[in-house]
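Here's the letter readout for the chains.
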Amino acid sequence: MCGILAVLGCSDNSLSKRVRVLELSRRLKHRGPDWSGLHQHGDCFLAHQRLAIVDPASGDQPLFNEDKSIIVTVNGEIYNHEDIRKQLPNHKFRTGSDCDVIAHLYEEHGENFVDMLDGIFSFVLLDTRDNSFLVARDAIGVTSLYIGWGLDGSVWIASELKGLNDDCEHFESFPPGHLYSSKEREFHRWYNPPWFSEAIPSAPYDPLALRHAFEKAVVKRLMTDVPFGVLLSGGLDSSLVASVTARYLANTKAAKQWGDKLHSFCVGLEGSPDLKAGKEVADYLGTVHHEFTFTVQDGIDAIEEVIYHIETYDVTTIRASTPMFLMSRKIKSLGVKWVISGEGSDEIFGGYLYFHKAPNKEEFHQETCRKIKALHKYDCLRANKSTYAWGLEARVPFLDKEFINVAMNIDPEHKMIKREEGRMEKWVLRRAFDDEENPYLPKHILYRQKEQFSDGVGYSWIDGLKDHAAKHVTDKMMQNAPHIYPHNTPNTKEAYYYRMIFERFFPQNPARLTVPGGPSIACSTAKAIEWDAAWSNNLDPSGRAALGVHVSAYDNNQVNSVSINSVEPEKIIPKMEVSPLGVAIQS
């Protein structure tokens, strides 16, 4: 993985332009401190900042085909690169890099090869034979990418806003699952799974198929030539990632090179829910566990730097990015270069607490589709940029293409949260890993209630942010907010505070348009707010805003339901058996 920057078809190909491209590329050096590369062909410049993970010795970029007629700069991990190499016996590869296959696939298949890549990626490919170029981004948008246009007719591509915002007349986020061809000068969606149309699937729930698909997604991500670890908050998602990694690590190439002892990492305020749960899971799995604590003041002091790196003013994202940003620096200091993380599960399985109020399976499924499509603006952006701020890569197995296909093909009736039947959020995922004979996790961890990352690091974190913002944003400033910020007008002092910082770094109008807006309750989309009339008066992205659902809701007087965590999991989760056909049946 790395940072990429490309300027294509510019009117100025002089030395001064090359110097400017190098200067902008260095703005992305935090993403790739191991190597800097720049290749110029006529009026096109392809620059690269490398974080060396696979083939550190020879995988420097840009990459080329045999006669160097095709040039590629890539930010990505191609997990099936060894299989692709076998399918291209007549090609000679210059490096052992997983990304080296891209130029050769294009040579064989033209623009139709992108869906053959199993992994995460953003790349720019220049075909010098006709001076055409191709840009593509992975299916969900795990890697970050932006596109811009210059007044001179040039097209700019960069991994982060700061690589192009000062030089382009207009720029925007490059849409996930799309490619952009210079021949058509338009975007084309290459990723077209069945769920994208939001049609309601009807496949029966097969817990073993779901489990095996996830295990496969985790194992394929253990492709590495450098040290790695796993983020472990003690919640369901990170705990499953850690459990599967620990279970299969010994038989991988990574274990032969670095040993089969898994390192795990957790961050939180002193005494936070995540630190306690993370330590318990680490002890259960036998990982080498590293706890990092921070104070509210540590987080507040880092806010400006976080916003500069994350490139958003979205409240939820900044709240969660700050602890991750602080933790990533500590992890990198230990010599670790990448981590596995649990992003994406809540979107796929309806894990956010507001899904308790989904009125039917159709609404439930369509909301999961909306959430997955928006991941590149929120959790993927956070995971990518808060880690890459320190040259650390995050891999996310829940967002594996094959796993998503399996999970999103399940009849959403099985995903619905039904307390009266003992089915809490993400029940189908919990049940898939509820193995009595060879348990993956302790029961109470497997059935721990959802904590959003910004809550789990310590509830006083969000409260501290609100108090800090209130000291810097006056009531008069809030009254004028619609005039100062007519687009995505901040409706809280915390949001106003973040917006002021963002606009200082990225003052251009296209920059503010890259950030999503609209009302939200506990991380919902605006559409889902319609599920409960009371939510419109309590719009806050924290999970504690899900009154009557979260066990530590803001106003405990309004919680009139029994806490899920107050009941033994065996009593609320029906014992399930798997039929010979792989269908779960209640016993």
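Calculation notes
Residues numbered from 1 in each chain as written. Predicted model: local features only at pLDDT ≥ 70, side-chain atom pairs only at ≥ 80, totals over all residues. Heavy atoms only, no water. Helix = DSSP H or I, 4+ residues; strand = E, 2+ residues; numbered from the N terminus. UniProt positions renumbered as here; feature names shortened; annotations may be inferred. Contact = heavy atoms within 4.5 Å. Expected span 1.5 Å × (residues − 1). Buried < 20%, exposed > 50% of the residue type's maximum accessible area, 1.4 Å probe, protein only. Arc of directions from axis to C-beta. Pairing = 2+ DSSP bridges. Axes fitted to C-alpha atoms, helices over the stretch in contact; angles between N-to-C directions.

Undergrad: Before we go on, may I ask you to explain the environment of glycine 150 in this structure?
TA: You can see glycine 150 is positioned in the loop between strand S8 (146–149) and strand S9 (155–158). Residues glycine 150 and phenylalanine 171 lie 21 residues apart in sequence; the distance between their C-alpha atoms is 8.9 Å.

Undergrad: Got a minute to help me understand the UniProt feature "active site" (unreviewed entry) in the protein in this structure?
TA: Mapped onto this numbering, the UniProt entry gives "active site" (unreviewed entry) at Cys2. Positionally, cysteine 2 belongs in strand S1 (residues 2–8). Aside from chain neighbours lying at most four places away, what touches cysteine 2 is Arg31, His48, Gln49, Arg50, Leu51, Val74, Asn75, Ser159 and Tyr388.

Undergrad: How do you make sense of helix H1 (residues 15–26) when you look at a structure like this?
TA: Relative to the 16 Å expected for twelve residues at 1.5 Å per residue, H1 spans 17 Å between its end C-alpha atoms, a close match to the ideal helical length. Among the residues of H1, those classed as buried are Lys17, Val21, Leu24 and Ser25. Here the buried residues of H1 occupy an arc of 100 degrees about the axis, which is enough to place them on one side. Turned more than 90 degrees away from the buried face of H1 sit Leu15 and Ser16, all of them exposed.

Undergrad: For this particular structure, what's the right way to read the sheet that holds strand S14 (residues 263–268)?
TA: Backbone-to-backbone hydrogen bonds join strands into a sheet, with any given pair of strands oriented parallel or antiparallel. Taken together, the five strands give an open sheet; going across it, the order is S15-S14-S13-S16-S17, and neighbouring strands pair in parallel fashion. Each of the sheet's edge strands pairs with one partner strand only, and the pair in question is strand S15 (288–293) and strand S17 (393–395). Pairwise comparison of adjacent strand axes, ignoring direction, gives a mean angle of 30 degrees for this sheet. As judged from the three bridges shared by strand S13 (residues 228–231) and strand S16 (residues 338–340), these two strands associate in the parallel manner. The partner of valine 230 across the bridge, within S16, is isoleucine 340.

Undergrad: Explain the sheet that holds strand S11 (residues 178–181) to me, please; I cannot follow it from the model alone.
TA: The antiparallel open sheet is built from six strands, whose spatial order is S4-S5-S6-S7-S11-S12. The sheet is open, and its two edges are formed by strand S4 (63–64) and strand S12 (186–189), each paired on a single side. The pairing of strand S6 (residues 119–127) with strand S7 (residues 132–137) spans six bridges and is antiparallel. The partner of leucine 125 across the bridge, within S7, is leucine 134. Against the sheet, helix H3 (residues 101–109) contacts S4, strand S5 (70–78), S6 and S7, and its axis sits at roughly 120 degrees relative to S5.

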